[in-house]
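Spelled out, the chains give:
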Amino acid sequence: MSKFWSPFVKDLVPYVPGEQPKLARLVKLNTNENPYGPSPKALEAMRGELSDNLRLYPDPNSDLLKQAVANYYGVNGNQVFLGNGSDEVLAHIFHGLFQHGAPLLFPDISYSFYPVYCGLYGIPFEQVALDEQFQIRVEDYAKANGGIIFPNPNAPTGCLLALDAIEHLLKANPNSVVVVDEAYIDFGGETAISLVDRYDNLLVTQTLSKSRSLAGLRVGLAVGHPDLIEALERIKNSFNSYPLDRMAIVGAAAAFDDRAYFDDTCRKVIDSREALVGELTARGFEVLPSAANFIFARHPQHDASELAAKLREQGVIVRHFKQARIAQFLRITIGTPEMNQALLDALN
Ligand SMILES: *Cc1c(COP(=O)(O)O)cnc(C)c1O
């Protein structure tokens, strides 16, 4: 606290990211990074950009990457927004599309950055309880709102909401923006981007941090109606004209163009997930159905925070949330088969 702070700073409740330990040799299954490296073509493109050109500002519109995303999804460039990680894209969405007085709705168990952005931008919100099976029930969102947002698959549960349920929400809320945060969609879901031409209130966000293994590069995107995208561009151009640097633009574009590598690594993660679910179930864990690159699991005989602490002693880190309803769960990122075996050995 200091007299120099703007008045609202002391009331902020910042997001607490998962630990990025300085120790090497830990089996890191706590922040949903991809265990496989980025596309070699993305690395090559970035090496090519590492030159004297870095003295020049990047393209403020990142047109090369916008076009790569538009081609990949079969949409137009003016339906795509880019940001420095999808967290930044989400921040602009909260700032520009959710300040309408009525509460923003999101699930009680969900991405813990949402309430933080509400605090930052002074947005009232209401958390809608997931059902007993930790699923989103769309009927529960039939109330006055200033917008709706949820991850799909949800985080940290990994559970997927079907496209027809999303369509139901879009139809029931023609006067609110519905944001589907698809950080994990490539590990087993179907993107709602196929619906953007039919619903002007739909905005889909994605990140290159998970399925494209570029968490360190910081690139995220949103796809939706050009009017929604224009609002985000107005905010971006009032905040930072160059959120994506030269390396990020060419690296991310090359990652989108390299479908073969992407398909192969996603498939490996999905196969490892199914194998790990089997192994954990055999050890008495209850595992929620996951369409993500992580699983959410609890053991009826072992306290989750104790398990997390004991795993850490053995060099394996997983994520534990203190929130009452999920305090007995562990969120475990899917690693390579070797990393997953290290987890199982430690559990044994
Ligand atoms: C990881 C994650 C993000 C943020 O991704 P970045 O692009 O790395 O900022 C957004 N939403 C959810 C649900 C996530 O899990």
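Residues numbered from 1 in each chain as written. Predicted model: local features only at pLDDT ≥ 70, side-chain atom pairs only at ≥ 80, totals over all residues. Heavy atoms only, no water.

- An unreviewed UniProt entry annotates the chain as Histidinol-phosphate aminotransferase originating from Pseudomonas auratipiscis.
- The UniProt entry for the chain carries the following text under Sequence similarities (unreviewed entry): "Belongs to the class-II pyridoxal-phosphate-dependent aminotransferase family. Histidinol-phosphate aminotransferase subfamily."
- On record in UniProt, under Cofactor (unreviewed entry), the comment for the chain is "pyridoxal 5'-phosphate". (UniProt positions renumbered as here; feature names shortened; annotations may be inferred.)

Side note on the side chain of aspartate 131
At step 1: Of note, aspartate 131 is situated in the loop between strand E4 (125–128) and strand E5 (148–151).
At step 2: Put simply, aspartate 131 is tucked away with no salt bridge, and the nearest opposite charge, on arginine 137, sits 4.8 Å away.
At step 3: Polar side-chain contacts of aspartate 131 include one of 2.9 Å to the backbone nitrogen of glutamine 133. (Helix = DSSP H or I, 4+ residues; strand = E, 2+ residues; numbered from the N terminus. Buried < 20%, exposed > 50% of the residue type's maximum accessible area, 1.4 Å probe, protein only. Lys, Arg positive; Asp, Glu negative; His and termini not counted. Salt bridge = Lys/Arg side-chain N within 4 Å of Asp/Glu carboxyl O. Polar contact = N/O pair within 3.5 Å; in protein donor to acceptor, adjacent residues only side chain to side chain.)

Quick word on the sheet that holds strand E9 (residues 286–287)
At step 1: A sheet is described by the order of its strands in space; here 3 strands give the open sequence E9-E10-E12, paired in antiparallel fashion. Across the chains shown, the open sheet's two edge strands, defined by having one partner strand only, are E9 and strand E12 (329–333).
At step 2: Looking at chain direction, E9 and strand E10 (residues 294–298) are connected through 2 bridges and run antiparallel. Within the sheet, the bridge partner assigned to glutamate 286 lies in E10 and is arginine 298. (Pairing = 2+ DSSP bridges.)

Some points on the packing of helix H8 (residues 259–282) against helix H10 (residues 337–347)
At step 1: Interhelical geometry of H8 versus H10 gives an angle of 10° and a closest axis separation of 10 Å. Taken as axis vectors, H8 and H10 run roughly parallel relative to one another. Residue-level inspection shows Ser272, Leu276, Glu279 and Leu280 of H8 in contact with H10, the latter providing Pro337, Asn340, Leu343, Leu344 and Leu347.
At step 2: In the contact of H8 with H10, the residues fall into 6 nonpolar, 2 polar and 1 charged. (Axes fitted to C-alpha atoms, helices over the stretch in contact; angles between N-to-C directions. Parallel < 35°, antiparallel > 145°, perpendicular 65-115°, else oblique. Contact = heavy atoms within 4.5 Å. Nonpolar A, V, L, I, M, F, W, Y, C, P; charged D, E, K, R; others polar.)

Details of the UniProt feature "modified residue: N6-(pyridoxal phosphate)lysine" (unreviewed entry) in the chain
At step 1: UniProt's feature table lists "modified residue: N6-(pyridoxal phosphate)lysine" (unreviewed entry) at Lys210, given in the numbering used throughout.
At step 2: Within the secondary structure layout, lysine 210 lies in the loop between strand E7 (202–207) and strand E8 (220–224).
At step 3: Residue classification places lysine 210 among the buried positions, given a relative accessible area of 16%.
At step 4: Aside from chain neighbours lying at most four places away, what touches lysine 210 is Thr31, Asn32, Asn34, Ala183, Tyr184, Phe187 and Asn293.

Points about the packing of aromatic side chains
Aromatic ring pairs are reported here in terms of the distance separating the ring centres and the angle at which the planes meet.
At step 1: Per the stated rule, a full pass over the model turns up 18 aromatic pairs.
At step 2: A centroid spacing of 5.8 Å and a plane angle of 65° characterise the contact between tyrosine 15 and tyrosine 111, whose relative ring orientation is edge-to-face. Separated by 96 residues along the polypeptide, tyrosine 15 in the segment before strand E1 (27–29) and tyrosine 111 in the loop between strand E3 (104–107) and helix H4 (113–121) bring together distant segments of the chain.
At step 3: Given the relative accessible area of 21%, tyrosine 15 is considered partly exposed.
At step 4: Seen in terms of ring centroids, phenylalanine 106 and phenylalanine 125 are 5.2 Å apart; in terms of plane orientation they differ by 20°. Their pairing is stacked. (Phe/Tyr/Trp six-rings, centres within 6.5 Å; stacked < 30°, edge-to-face > 60°.)

Re the pattern of salt bridges
At step 1: Applying the stated rule across the entire model yields 14 salt bridges.
At step 2: Among the ionic pairs, aspartate 108 bridges to arginine 325, the shortest N-O distance being 2.9 Å. Note that aspartate 108 is positioned in the loop between E3 and H4 and arginine 325 in the loop between strand E11 (316–318) and E12, a separation of 217 residues in sequence.
At step 3: Arginine 325 gets classed as partly exposed once you look at its relative accessible area, which sits at 28%.

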